[in-house]
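# Architecture and fold: a report
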Amino acid sequence: MRNGRFVIAYLIHELGDYYCKELEVGAMQRAEEENIDLIFFPGKFIDRDLSGEIKYDYQYNTLYDLVIEDNVDAVIIAADCIGNYTTKDKIAAFIKKYSEIPCVLVASKEEGKSCICYDNFKGIEEGIDYLINEKGCRKFAMLGGPASNSDCCERKESLVGILEKRNIPFSDENYVEGHLSRQNTEQAGQLLDQNPDVEAIFCVNDECAVSMYQVMEERGLEPGEDIYILGYDNSRLAGQMRPTLSSIWADPMELSRQAFDMALNLIRGRKTPSRSLDTMLVKRDSFGHSTEKLDLTVWDTDHVKALYNKVFYRLQGARGVEYKAYQRVMRDCVALISADLYDPELHSNLKEHVREALDSGLVDYADMELLQELMDEIYEQISAGEERRKDRAEVRQGYSDIFRMLVAYQQENIRKVVDENDSLDYSLKMVAQDMMQFENGSDQNYSIPLKNLPYMGISNAYLYMLKEPIVHLDGEILDTPKELYLKAVLKDGEVMNITSTHQKISIYDLYCNSYIGDERYSCVMLPLYSTDELYGYVLCDLSKQVLENGEILVNQLSAAYRMLHVLGKAQKIMDQLEMSNEALKRNNIILDNLSKVDQMTGVFNRRGFYEAAEGLISDAESRDLCYMILYVDMDNLKIVNDRYGHDDGDFALKTISDILGQVTSKYNGVMGRMGGDEFACAILYDGDPSDVKDRIRNRFDEFNTSSDKPYNVYASAGVYKREKDIKRTLEEILAIADEDLYKEKQNRSKKTAKE
């Protein structure tokens, strides 16, 4: 609890994902209404195969370790979404980490936990019955989701049970398991191959339906004509697909609002049984294009409500100003349909009430295709009966006026979207503009990247850095530090640096300290990292811009703080060099780089090696002997230094020097340390270069087997073999060997610790 206010953590699987955004908005609404502090932790899918641009996305999952019993009052977890690519056992293990905290699961089920899920059966039954009764379908198939996801399993079980009750067969051939994403073209193709005569396909969510549409198009099949397609979620995507996708409406915002209420009940010690949320069918063109005829000759409250829930499904069940505005418009329409004589007041009222409905924002929640069909049907009924109606011209004009009002409203919405996008582009530009304007890596510069965050709608941000960056590899368990360092704060749009004596913050106080203050917040925690190095975290306001482009912000901030870290290290090195130079001058010591011997390893340094190697090459060429030049680089020196200390890093370098010395002496050669973790060898040998590489690798294997160190020592080697009749300088030869070394390093493993 913070200043008498509860703190709730919300664990999700993405920041900008449509489903997650709906969850976030729903929870933020309830947090504001209840005066609760809310923090989102947008990790990534557990066990997802990472490659390319998302290779290091696993760093996001370190966010989950920042939620512990003593720094939040409750946790809400979208567990099955986070575990979309993993097993049920791993999902259960993930949930168990929070067993000491009051916990609510969203769209997930776990024995002994309070869960809020969709009533998958109800909406699916409505969709399947429509396909059976109205379209005559008897051959069904399903493109499903991961078996570890309880919602996916329930949706499959619902389909199978519904078909079984109606005596329609469904076998293993009618089902293919996929993912909850658009990366399902292979699975969609397999399903069509296994079911060449299929009439209707149920896709476990709308994203999967995108893959099905794509494969059908490649095969010359049309959704809604050749095969009926049913999706799930009824996301905005469903209305944008062509043909539009029939889908099961499941409201993630309401799901999240109820999850929030359940978390509050748990905090307050109340009984909190699991709940389910109703779903419903929204029919579109993937069920075949058809317009339902309406009977609006008399007022029917239930029928009017049903139309409202169908067309304005994003406000399903709501009875606020939007519904009242809708009711007034529908009453006017019924009155006009029933009227025999022209009544200008009815036309005037209809226009006024349509204007009020637009002002209420009702249309923002409409399926525009269904709304257009409803308007056309009402117009036909109002204008029907040439003999009965004497005001057809007025009806046409009234409809035209209303249609223009709707078009103008939509154009204004489009303009707002364009303006928002332009504003967002400008915001990102401004945030990036001064992001890396650093002169050095001092603590005073840590506030610079926060200065332009207000352009992203962020008024408050708290920069928590690790004492030193942690090398965190994929699949490793991160030992979360008990303390972080608050380097800088953005408070109400004003930036301040935190002095070093006040920076240390316990993990228990990350969301409750004097710098955060007393005002209620809805925030998001974001990681700061570069490749496998984790630098820290930033806790900031969850604005609309962050919802849309939070990962871009992470990339920019991470690059900035990586640069600051590099500058800081460089400054320390410069200071040390300056001190060393002064000491050397005072003691009249000859600088090491004037010597031929490397002080740490006792072998030649660069200068010494060049002289010895050039002598060997000259002698070999004069006697027409073959020689090889090796360029050698230690594997993972940085990881050894960071994890085990620089003494062990020095030990590893000395070990490499000893092993290379042994190999070199066998071939009557010379070797030296070129600097850092790089070595070079010159040997007299006329065999295969791979034999020399194997000998070096074997010597390292022998050493590591007998060594009591907790890590392995290895080095990669590139080789140049003399090319007769071609004269090259030693510099050119080393460059060629270095190119071969680069190829070797591509296959180098980052796993250093012994099993």
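Rules used in this analysis
Residues numbered from 1 in each chain as written. Predicted model: local features only at pLDDT ≥ 70, side-chain atom pairs only at ≥ 80, totals over all residues. Heavy atoms only, no water. Helix = DSSP H or I, 4+ residues; strand = E, 2+ residues; numbered from the N terminus. Rg over C-alpha atoms; globule rule 2.2 N^0.38 Å. Buried < 20%, exposed > 50% of the residue type's maximum accessible area, 1.4 Å probe, protein only. Contact = heavy atoms within 4.5 Å. Areas by Shrake-Rupley, 256 points an atom, 1.4 Å probe, with all protein chains shown as cover. Lys, Arg positive; Asp, Glu negative; His and termini not counted. Charge placed at Lys NZ, Arg CZ, Asp CG, Glu CD. Pairing = 2+ DSSP bridges. Axes fitted to C-alpha atoms, helices over the stretch in contact; angles between N-to-C directions. Phe/Tyr/Trp six-rings, centres within 6.5 Å; stacked < 30°, edge-to-face > 60°. Salt bridge = Lys/Arg side-chain N within 4 Å of Asp/Glu carboxyl O. Polar contact = N/O pair within 3.5 Å; in protein donor to acceptor, adjacent residues only side chain to side chain. 1 Å grid on protein atoms, 1.4 Å probe; cavity = no way out; pocket = protein on both sides within 12 Å on 5 of 7 lines; lining within 4 Å. Points joined across faces, edges and corners; volume = space filled by probe spheres on them. Nonpolar A, V, L, I, M, F, W, Y, C, P; charged D, E, K, R; others polar. Parallel < 35°, antiparallel > 145°, perpendicular 65-115°, else oblique. Left-handed = near helix turned anticlockwise from the far one by under 90°. Expected span 1.5 Å × (residues − 1). Patch = residues over 30% accessible without salt bridge, like charges linked within 9 Å, V, L, I, M, F, W, Y side chains within 5 Å. Disulfide = S-S within 2.5 Å.

For the rest of this paragraph, the subject is the overall build of the protein. On a plain count of helices and strands, the protein comes out with 20 helices and 22 strands. Against the 2.2 N^0.38 benchmark of 27 Å for 755 residues, the protein shows a C-alpha radius of gyration of 34 Å, more extended than a compact globule. Considering only C-alpha atoms, the protein reaches an extent of 115 × 60 × 50 Å along its principal axes. Among the 755 residues that make up the protein, the fraction classed as buried is 52%. Long-range contacts, defined here as pairs at least 24 residues apart, represent 73% of the contacts in the protein between residues at least 6 apart. Accessible area of the protein: about 35,500 Å², with a carbon and sulfur share of 47%. Averaged over its 89 positive side-chain charges, the protein has a centre that lies 2 Å from the centre of its 132 negative ones.

The next point concerns the sheet that holds strand β20 (residues 670-675). Spatial ordering of the open sheet is given by β20-β21-β19-β22, a layout of 4 strands whose pairing is antiparallel. Edge positions in the sheet fall to β20 and β22 (715-721), since each has one partner strand and no second. Strand-to-strand twist across the sheet, computed as the mean angle between neighbouring axes with direction ignored, equals 20°. In this structure, strand β19 (residues 628-634) lies alongside β22, joined through 7 bridges in antiparallel fashion. The residue of β22 that forms the bridge with M634 is A715. Relative to the sheet, helix α18 (residues 646-666) contacts β19, β20, β21 (678-683) and β22, its axis offset from that of β21 by approximately 5°.

For the structure shown, the criterion picks out 15 aromatic pairs. Seen in terms of ring centroids, F41 and Y511 are 5.9 Å apart; in terms of plane orientation they differ by 80°. Their pairing is edge-to-face. Of this pair, F41 sits in strand β2 (residues 37-42) while Y511 sits in the loop between β16 (504-506) and β17 (522-530), placing them 470 residues apart in sequence. By relative accessible area, F41 is classed as buried at 0%. For Y511, a relative accessible area of 1% corresponds to the buried category.

Let's shift gears to the pattern of salt bridges. Across all of its chains, the model carries 40 salt bridges by this definition. The residue E611 makes a salt bridge to K596 at a minimum N-O spacing of 2.9 Å. Of this pair, E611 sits in helix α16 (residues 606-622) while K596 sits in the loop between α15 (544-587) and α16; the two residues are 15 residues apart in sequence, bridging distant segments of the chain. The class for E611 is partly exposed, based on a relative accessible area of 40%. D619 is the partner of R623 in a salt bridge, and the nearest nitrogen-oxygen pair spans 2.9 Å. In the salt-bridge network here, residues are joined through shared partners; they are E14, K44, D57 and E551.

The next thing to look at is the side chain of N513. Within the secondary structure layout, N513 lies in the loop between β16 and β17. A polar contact is formed between the side chain of N513 and the side chain of Y464, at a distance of 3.1 Å. Filtering out sequence-adjacent residues up to four positions away, N513 remains in contact with Y464 and I505.

Counted under the stated rule, the structure contains 4 cavities of 30 Å³ or more. Lining the largest cavity we find 25 residues, and of these V329, C333, V354, M375 and I402 sit closest to its centre. Elements supplying a minimum of two residues to the lining of the largest cavity: α11 (321-338), α12 (344-359), α13 (368-383) and α14 (392-433). Class assignment for the residues of the lining of the largest cavity results in 22 nonpolar, 2 polar and 1 charged.

What follows is about the packing of α11 against α12. Packing of α11 against α12 leaves a shortest axis separation of 9 Å and a crossing angle of 160°. In terms of axis orientation, α11 runs roughly antiparallel to α12. Every pair of crossing elements has a handedness; the one defined by α11 and α12 is left-handed. The residues of α12 that touch α11, namely those facing A325, R328, V329, D332, C333, A335 and L336, are L346, H347, N349, L350, H353, V354, E356 and A357. The residue makeup of the contact of α11 with α12, split by class, is 9 nonpolar, 3 polar and 3 charged.

Here A9 shows up in strand β1 (residues 7-12). In this structure, the C-alpha to C-alpha distance between A9 and V471, residues 462 residues apart in sequence, is 26 Å. Contacts of A9, omitting those with residues within four sequence positions, involve I39, F41, V67, V72, A74, V75 and I76.

Backbone torsion omega between R242 and P243 reads -5°, so that peptide bond is classified as cis. Of note in this structure, D233 is not a glycine but carries a positive phi near 115°. Position of D233 among the secondary structure elements: in strand β9 (residues 228-233). Classification of D233 by relative accessible area gives buried; the value is 18%. One non-glycine residue with positive phi stands out, namely N234, at about 50°.

Take helix α5 (residues 150-165) next. Residues three or four positions apart in an α-helix share a direction because the helix packs 3.6 residues into each turn. With 16 residues, α5 extends 22 Å from end C-alpha to end C-alpha; this agrees with the ideal 22 Å at 1.5 Å per step. All buried positions along α5 are accounted for by S150, D151, C152, C153, E154, R155, S158, L159, I162 and L163. Structurally, the start of α5 carries an N-cap: the backbone nitrogen of D151 is 2.9 Å from a side-chain oxygen of N149. Among the residues trailing α5, N167 stands out with phi positive, at a value near 60°.

As a further point, take a nonpolar patch on the surface. Taken together, the side chains of I573, M574 and L577 define a hydrophobic patch exposed on the protein surface, amounting to about 300 Å² of accessible area. Tracing the backbone shows M574 in helix α15. With a relative accessible area of 52%, M574 lands in the exposed category.

Spatial strand order, β7-β6-β8-β9-β10-β12: 6 strands in an open sheet with mixed pairing. In this open sheet, the two strands that pair with only one neighbour each are β7 (175-177) and β12 (280-282). This sheet shows a mean twist of 20° between the axes of neighbouring strands, independent of strand direction. Judged from the 3 bridges that link them, strand β6 (residues 140-144) and β7 form a sheet pairing that is parallel. In the strand pairing of β7, M142 is matched with Y175.

Our next topic: the state of the cysteines. A full pass over the atoms with the stated rule returns 0 disulfides. Looking at the unpaired C103, the closest cysteine sulfur is the one in C115, lying at 8.2 Å. Judged by its relative accessible area of 5%, C103 is buried.

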